[in-house]
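Okay, here's what each chain looks like letter by letter:
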Amino acid sequence: MYLGLKEMRHEKLRYTLLSGVLLLIALVVFMLAGLANGLSNGNRQAVDAWQARTVYLNKNANQTMSASQLKLADQKKLSGKQIAPLASLSGTLRTTNNHLKTTASAFGTSRTSFLMPKLVSGHQINGKNQVLISADLKAAGYKLGQKVRIGTTKQTVKIVGTYGKSTYMIAPTLYTDIATMNRLKGAPITSGDQQTVNGFVTKESSFKNAKHGDLEKLSIATFINKLPGYSAEQLTLNTMIYFLFVIALAIIGIFMFVLTLQKQPLFGVLKVQGIGTGHILAALLTQSIAMAVIGIVLGLGITVGLAQIMPAGLPFVVNWAQFGGYSLALLAASVVGALLSWRTVAKIDPAVAIG
Amino acid sequence: MTQAVLALQHIDKQFGHGHTAVTALTDANFEVSAGQFVAIIGPSGSGKSTFLTIAAGLQTPTKGQVLLNGTELAAQSEKARLAYRFNEIGFILQSSNLIPFLNVTEQLKLVDKMAKRPFQKDRAAQLLKELALSDVATAYPSELSGGERQRVAIVRALYNDPSVILADEPTASLDTPRSIDVVERLANEAHQHQKAIVMVTHDQRLIGNCDVVYQIEDGVMTRQKG
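Quick caveat: nothing in here was measured; it's all calculated off a predicted structure.

Cut-offs applied
Residues numbered from 1 in each chain as written. Chains lettered and ligands numbered in written order. Predicted model: local features only at pLDDT ≥ 70, side-chain atom pairs only at ≥ 80, totals over all residues. Buried ≥ 20, exposed ≤ 12 C-beta atoms within 10 Å, placed from the backbone. Helix = DSSP H or I, 4+ residues; strand = E, 2+ residues; numbered from the N terminus. Domains from an automatic or database assignment. Contact = placed C-beta atoms within 7 Å. Pairing = 2+ DSSP bridges. Axes fitted to C-alpha atoms, helices over the stretch in contact; angles between N-to-C directions. Parallel < 35°, antiparallel > 145°, perpendicular 65-115°, else oblique. Nonpolar A, V, L, I, M, F, W, Y, C, P; charged D, E, K, R; others polar.

Asker: How would you summarise helix H4 (residues 178-185) of chain A if you had to cite specific residues and measurements?
Answerer: Residues and elements named next belong to chain A. Within H4, seven of the eight residues are buried, which leaves the element mostly enclosed by the surrounding structure. Within the span of H4, buried status applies to Ile-178, Ala-179, Thr-180, Met-181, Asn-182, Leu-184 and Lys-185. Note on H4: the residue one or two positions beyond its end, Gly-186, has a positive phi of about 70°.

Asker: Before we move on, could you go through the domain arrangement of chain A and cite the residues and values that matter?
Answerer: One widely used convention gives an interface's size as the accessible area the parts lose upon coming together. One can read the domain layout of chain A as domain 1 (2-42 + 231-353) and domain 2 (47-228). Put simply, the middle of domain 1 of chain A and the middle of domain 2 of chain A, counted by C-alpha atoms, are 47 Å apart.

Asker: Outline the interface of chain A and chain B, supporting the account with residue identities and numerical values.
Answerer: In this complex, chain A contributes 19 residues to the contact, which on the side of chain B involves 20 residues. Mapped by element, the contributors of at least two residues to the side of chain A that touches chain B are helix H1 (2-10) and helix H7 (264-272) of chain A.

Asker: Can you break down unusual backbone geometry residue by residue, with the values?
Answerer: The phi dihedral of Met169(A) is positive, around 50°, even though this residue is not glycine. If you trace the backbone, Met169(A) turns up in the loop between strand S9 (167-168) and strand S10 (171-176). Phi at His10(B) is positive, roughly 50°, even though this residue is not glycine. Within the secondary structure layout, His10(B) lies in strand S1 (residues 6-15).

Asker: Could you give an account of the sheet that holds S1(B), naming the residues involved and the relevant values?
Answerer: Residue and element names in this part refer to chain B. Here four strands make up an open sheet; going across it, the order is S2-S1-S4-S5 and the pairing antiparallel. In the strand order of this sheet, the two ends are held by strand S2 (22-32) and strand S5 (71-72), each with one partner. Of the strand pairs in this sheet, S1 and S2 are connected by seven bridges, and their pairing is antiparallel. Across the sheet, Leu-8 pairs through a bridge with Phe-30, a residue of S2. The sheet strands contacting helix H1 (residues 48-55) are S1, S2 and strand S4 (63-68), and the helix crosses S1 at an angle near 120°.

Asker: With reference to specific residues and values, describe the packing of helix H2 (residues 12-50) of chain A against helix H6 (residues 230-262) of chain A.
Answerer: Residues and elements named next belong to chain A. The geometry of H2 relative to H6 is characterised by a closest axis approach of 10 Å and an angle of 170° between their N-to-C directions. Of the possible angle classes, the one that applies to H2 and H6 is roughly antiparallel. Considered class by class, the residues forming the contact of H2 with H6 number 20 nonpolar, four polar and one charged.

Structure below.
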């Protein structure tokens, strides 16, 4: 430890540059992770808020909600607690005077279902053609009491309540009841149990019997992974992050190896004096850990700083638990990288230092 | 006469096998006691370095015994020999065995760190004073003259209070007055602190201060003086 830290202090430029390289790697890791989180969050925030465990869709829908069509009556095939019908519509939300236009994800569910969000202002849906809007839409300029249209029908609805931040498939959400949703979709049936829905979301449920027609049961995790583009997006970003761990390992490994080769005569002298391989390796480890910690801490600081000044449209979410995990992974990569020089250090023959 | 601190008995050292074998040392006998300053003199290629590496336990002899304080080195494990070198042998190498990124005082602190004991401040100050290095206690090796560097190496070798000090051409990079200064100081330390000091050199002019001189030529060692 003493040797390692003293050398770093004496060779400031060399070790500052190497810490700088690690800082850049850490920065890219955290930025990519933040963007991956942001995109993931934009896709699934609303789903996470449901705190549900399973989703039932039409088995011919390829596990995609927008492609799934069921009847409200299909709920009779399920048993369990907290089963909520869900109809979804992705469309343009606009004020009646067309001053505001926003792409939104609209959900319809029964008025008392557990999917209905907790209100921040206004009241729950208690009549025809009422909707609740998320904080994101409120921030975009939509107000309580305003009349709006969704999608392509002439049907107007009234905003009666607002709730917290919520997005689904990168669009802010709004909630209404099943009948209103069917009117917005221009469906022929807008009352009774023959109305169409896209699926059922439940906390605890199962099929009543083996005969369950067109229904297919999905876990929430599968449902999220099947959101259009979701897994491809996450896989791409995460693969980049995993590659960066390998790159960090390689960079530390190569640098430490080159430095070790360069310092072979010195290490020979140390060994002559009875300072063995263990002490020399400890010095190398101290150095790589110190550089990794400096790089990671600064990388984290810069990432968090950048997150403050990023444009609002850029999806970016700081997840401390995940960032902590990635920090440990980078640290581990540095330790392994330094250990790659172990054989070289062990093989240095102290006799060479004499004569 | 007291028991030898370091003794080499009937040492043969060969490199390689069969008809390509090279003999570096033949039936070498050597001993040094506490308070003695011994020189080993010989031209390059005579087997001086081989002698030192064997005496330090860095190489094992083909035949014969190396006894350090009566213990046979070759019979010890690699780890035990490492500890022996650290505790019992001080080294002064040709140009510099100093660590470039530690200042003079830190070179000594490192010894204490390795021995897992607190820094012996008074001992360091006293040794540095003895070798006229008090003014450069915080200088790095690159800021020192050649003579100062070798004097620091002497301090470093003495600091851990070893039984024997092995000096490999300690004056190789120095001019004559500085060489004589360094050798006089080595002789002084041997006599004053009752250390066994072995100096390997090719320079005939430096052996005036030595108690015992061995000549080594083509692997054959002969006692010449004392």
